[in-house]
Structure formats: structure tokens, C-alpha cells
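Remarks on the overall topology
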Amino acid sequence: MKAKHQRLTLALLALVAVGGAAVLALSALKDQAAFFYAPGDVRKDGLPLGRAVRLGGMVEGGSIKRQPDGISIRFTVTDGVATVPVAFRGIVPDLFREKSGVVAEGSFNPDGSFTATNLLAKHDEKYMPPEIAGKMHETRSLKP
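Presented here is a report on the structure given in the accompanying data block. Bear in mind that the values here come from a model prediction, so they are computed numbers and not experimental data.

Now for the overall build of the protein chain. Along the backbone of the protein chain there are 3 helices and 7 strands. The order of α-helices and β-strands along the protein chain, N terminus first, is α-β-α-β-β-β-β-β-β-α. Across the 144 residues that make up the protein chain, the buried fraction comes to 26%. A separation of at least 24 residues holds for 47% of the contacts in the protein chain among residues at least 6 apart in sequence.

Quick look at the pattern of salt bridges now. Within the structure shown, the criterion is met by 2 salt bridges. A salt bridge links Glu105 to Arg54; its shortest N-O distance comes to 2.9 Å. Note that Glu105 is positioned in strand E6 (residues 101-108) and Arg54 in strand E2 (residues 53-59), a separation of 51 residues in sequence. The residue Arg89 makes a salt bridge to Asp69 at a minimum N-O spacing of 2.7 Å. You can see Arg89 sitting in strand E5 (residues 83-89) and its partner Asp69 sitting in the loop between strand E3 (65-66) and strand E4 (72-78), a full 20 residues away along the chain. Judged by its relative accessible area of 58%, Arg89 is exposed. Residue Asp69 is classed as partly exposed on the basis of its relative accessible area of 43%.

With that settled, consider the packing of aromatic side chains. Applying the stated criterion across every chain yields a total of 2 aromatic pairs. Relative to Phe96, the ring of Phe75 has its centre 5.0 Å away and its plane inclined at 65°; by these criteria the two rings are edge-to-face. Here Phe96 lies in the loop between E5 and E6 and Phe75 lies in strand E4, a separation of 21 residues in the sequence. Residue classification places Phe96 among the buried residues on the basis of a relative accessible area of 7%. Look at Phe108 and Phe114: their rings are 4.9 Å apart centre to centre, the planes differ by 75°, and that puts the pair in the edge-to-face class.

Let us look at the nonpolar core. The biggest cluster of nonpolar side chains holds 19 residues, and the ones touching the most others in it are Phe75, Phe96, Phe114 and Leu119. Elements with a minimum of two residues in this core: E2, E4, E5, E6 and strand E7 (114-121). Not counting the four nearest positions on each side in its chain, Leu119 is found in contact with Ile73, Phe75, Phe88, Val92, Pro93, Phe96, Val102, Val103 and Ala104.

In this structure, Ser113 sits in the loop between E6 and E7. Polar side-chain contacts of Ser113 include one of 2.7 Å to the side chain of Asp111.

Cut-offs and rules
- Residues numbered from 1 in each chain as written.
- Predicted model: local features only at pLDDT ≥ 70, side-chain atom pairs only at ≥ 80, totals over all residues.
- Heavy atoms only, no water.
- Helix = DSSP H or I, 4+ residues; strand = E, 2+ residues; numbered from the N terminus.
- Buried < 20%, exposed > 50% of the residue type's maximum accessible area, 1.4 Å probe, protein only.
- Contact = heavy atoms within 4.5 Å.
- Salt bridge = Lys/Arg side-chain N within 4 Å of Asp/Glu carboxyl O.
- Phe/Tyr/Trp six-rings, centres within 6.5 Å; stacked < 30°, edge-to-face > 60°.
- Core = buried A, V, L, I, M, F, W, Y, C linked by side-chain atoms within 4.5 Å.
- Polar contact = N/O pair within 3.5 Å; in protein donor to acceptor, adjacent residues only side chain to side chain.

Structural data, given as C-alpha cells:
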């Protein structure tokens, strides 16, 4: 076989190998991908039942209800267009509070509620760790 044909054969084999790896990676990630929905999207498009999704929005003011067991909570997520009731059992993040952003990972129930398996609290862009904020106040008070 000529050198030109060998290079062509190797290039084709490399392309097939890369294509096969891409197909395997995409098929493995298909099951792990969680789609993101806002409450308004759910009202408009319907409930995505039977798959893991992320629900994002703001925690509605006055909606956090702690359950008697001490580790379960219920709250409502809103995007200003619609609301979705959420149930979560576990330890909530420190930044989780009313009128703050939240992303809940879990699944929708047939009744329209959402059961979360994980909560991610969002903070605004002005967030500063307490240690740094305290030092800034100290330096300001030392200035004449």
C-alpha cells in the first residue's frame, strides 16, 4: 500500500473513532441532563412528567413553611408569571430565604407540584463573603 493510501486510511479511522466517542458521550449525558424550567414555562408548555428537571425562580414572600419533622419544607417558586408549589426534604442552603433566587432540582408531580431533591440558592452580584465585608468596614472606620 502506498504512503498516501496509508495516511488516508489512518485519517478515516481517526474520524470514525472521534465520531464514535462523541456518540457514546452524548448518549451517556442524555440521561444525566436536567432541563431548566421557569414556572411560566410550565404553565405555557405543560408538565414535563417522568424526568429530572430544574425549576428556577424566586422564593415567594411568606411561602416558606417548615414541617414538624424539622427537615422538610414547603415553599412556592415564582417568576412573576406563574407559581409552582415545591416540597423539599433535607438541609437547605444558608442563602435560601424568601424573595431570593432558587434553583430546585427534582421532578414534577401530576398535580402540578414539584418535589425537589436538591436546592441551589442564588445570590445577587453584590454578594461579599462576611470576612471581607467586615474588613472593609474596619478600614473605612480608620480613615479620617
